[in-house]
Amino acid sequence: AQSVTQLDSHVSVSEGTPVLLRCNYSSSYSPSLFWYVQHPNKGLQLLLKYTSAATLVKGINGFEAEFKKSETSFHLTKPSAHMSDAAEYFCVVSEGGGFKTIFGAGTRLFVKA
Amino acid sequence: EAGVAQSPRYKIIEKRQSVAFWCNPISGHATLYWYQQILGQGPKLLIQFQNNGVVDDSQLPKDRFSAERLKGVDSTLKIQPAKLEDSAVYLCASSLRLAGAEGTDTQYFGPGTRLTVL
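Let me begin by describing the structure that accompanies this report. None of the values given here were measured: they were computed from a predicted structure.

About the criteria used
- Residues numbered from 1 in each chain as written.
- Chains lettered and ligands numbered in written order.
- Predicted model: local features only at pLDDT ≥ 70, side-chain atom pairs only at ≥ 80, totals over all residues.
- Heavy atoms only, no water.
- Phe/Tyr/Trp six-rings, centres within 6.5 Å; stacked < 30°, edge-to-face > 60°.
- Helix = DSSP H or I, 4+ residues; strand = E, 2+ residues; numbered from the N terminus.
- Buried < 20%, exposed > 50% of the residue type's maximum accessible area, 1.4 Å probe, protein only.
- Contact = heavy atoms within 4.5 Å.
- Buried area = accessible area lost by both parts, 1.4 Å probe.
- Salt bridge = Lys/Arg side-chain N within 4 Å of Asp/Glu carboxyl O.
- Polar contact = N/O pair within 3.5 Å; in protein donor to acceptor, adjacent residues only side chain to side chain.
- Nonpolar A, V, L, I, M, F, W, Y, C, P; charged D, E, K, R; others polar.
- Pairing = 2+ DSSP bridges.
- Axes fitted to C-alpha atoms, helices over the stretch in contact; angles between N-to-C directions.

**Let's talk about the packing of aromatic side chains**
This model, assessed by the stated rule, comprises 14 aromatic pairs over all chains. Relative to Phe103 of chain A, the ring of Phe90 of chain A has its centre 6.0 Å away and its plane inclined at 70°; by these criteria the two rings are edge-to-face. With Phe90 of chain A in strand β10 (residues 87-95) and Phe103 of chain A in strand β11 (residues 99-103), this residue pair connects regions lying 13 residues apart in the sequence. A single burial state applies to Phe90 of chain A and to Phe103 of chain A, both of which are buried. Plain terms: the ring middles of Phe21 of chain B and Tyr90 of chain B are 5.0 Å apart, the flat faces sit at 25° to each other, and that makes the pair stacked. Of the two residues, Phe21 of chain B sits in strand β3 (residues 19-24) while Tyr90 of chain B sits in strand β9 (residues 88-95), which places them 69 residues apart along the sequence. Of the two residues, Phe21 of chain B and Tyr90 of chain B, both sit in the buried class. Members of the aromatic cluster, each reached through a chain of ring pairs, are Phe34, Tyr36, Phe90 and Phe103 of chain A together with Tyr33, Tyr35 and Phe109 of chain B.

Dropping the structure here:
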């Protein structure tokens, strides 16, 4: 059975410092992995996705994530946080080209001025 | 390209009443998903359609929830009767490829319907 664990419910960083949001997964098959962002009162927006083409995935707004099969992790990073990055971030695992989609519980990112 | 449309955006009802939500996916998208997002939690998949057939409804509370996707385009999710614990945001998403196809299947989300059950 597949599952997703986001290791931190809240992360707080200062503007201009690096961001690390952690995600571990389990899957019986070779999964597809995604990160979505949800700003207050806005819809879910895709940040990036892993499809097995490359282990380091670059997304929008300077975010990137590295797929590590040996660690079953897919952590999201950004070198320098911006105030506009404050939002809820969800790690998502999907099997079979869209079957069995599971969202993590989410990590709330706070960015301090 | 127009995104996923949902209506209404907000709904307040009393418990034991009925409510329906509507979703129009992106044109040409074969797969449609309904999620329930309770405050403070990640979205939970309720039902997944491939064209007008149900692919997965294992987490749909079938005693009170129903959904249909007639003609394989737009979809309606209904709750009858509603309970207090149904208060949540109901999200609709769609994806281009048929579920089970090789490769990824990026889901595009609508703005959601916020349901409050009093």
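**Observations regarding the interface of chain B and chain A**
The interface of chain B with chain A comprises 25 residues on the first partner and 21 residues on the second. Taken together, the two surfaces of chain B and chain A that pack against each other cover about 1600 Å², and 54% of this comes from carbon and sulfur. At the junction of chain B and chain A, the tally comes to zero salt bridges. Here chain B and chain A share four residue pairs in polar contact (both at pLDDT 80 or more) between them. The set of elements that each furnish at least two residues to the side of chain B that touches chain A consists of β4 (31-37), β5 (44-50) and β6 (53-56) of chain B. Considering each element in turn, the side of chain B that touches chain A owes the most residues, three residues, to β4 of chain B. A breakdown of the residues in the side of chain B that touches chain A according to their chemical character gives eleven nonpolar, eleven polar and three charged.

**Considering the pattern of salt bridges**
Residues and elements named next belong to chain A. One pass over the structure, following the stated rule, counts six salt bridges over all chains. One salt bridge in this structure joins Glu64 and Lys58, with 2.8 Å as the shortest N-O distance. Glu64 sits in the partly exposed class, given a relative accessible area of 22%. Owing to a relative accessible area of 62%, Lys58 belongs among the exposed residues under this scheme.

**Quick look at the sheet that holds β3 of chain B**
Residue and element names in this part refer to chain B. Ordered in space as β1-β3-β8-β7, the four strands form an open sheet in which the pairing is antiparallel. Each edge of the open sheet is held by one strand with a lone partner, namely β1 (5-7) and β7 (65-68). Each adjacent strand pair in this sheet contributes to an overall mean axis angle of 15°, direction not counted. Strand direction decides the pairing type here: β7 and strand β8 (residues 75-79), joined by four bridges, are antiparallel. The partner of Ser66 across the bridge, within β8, is Lys78.

These figures capture arrangement, not role.
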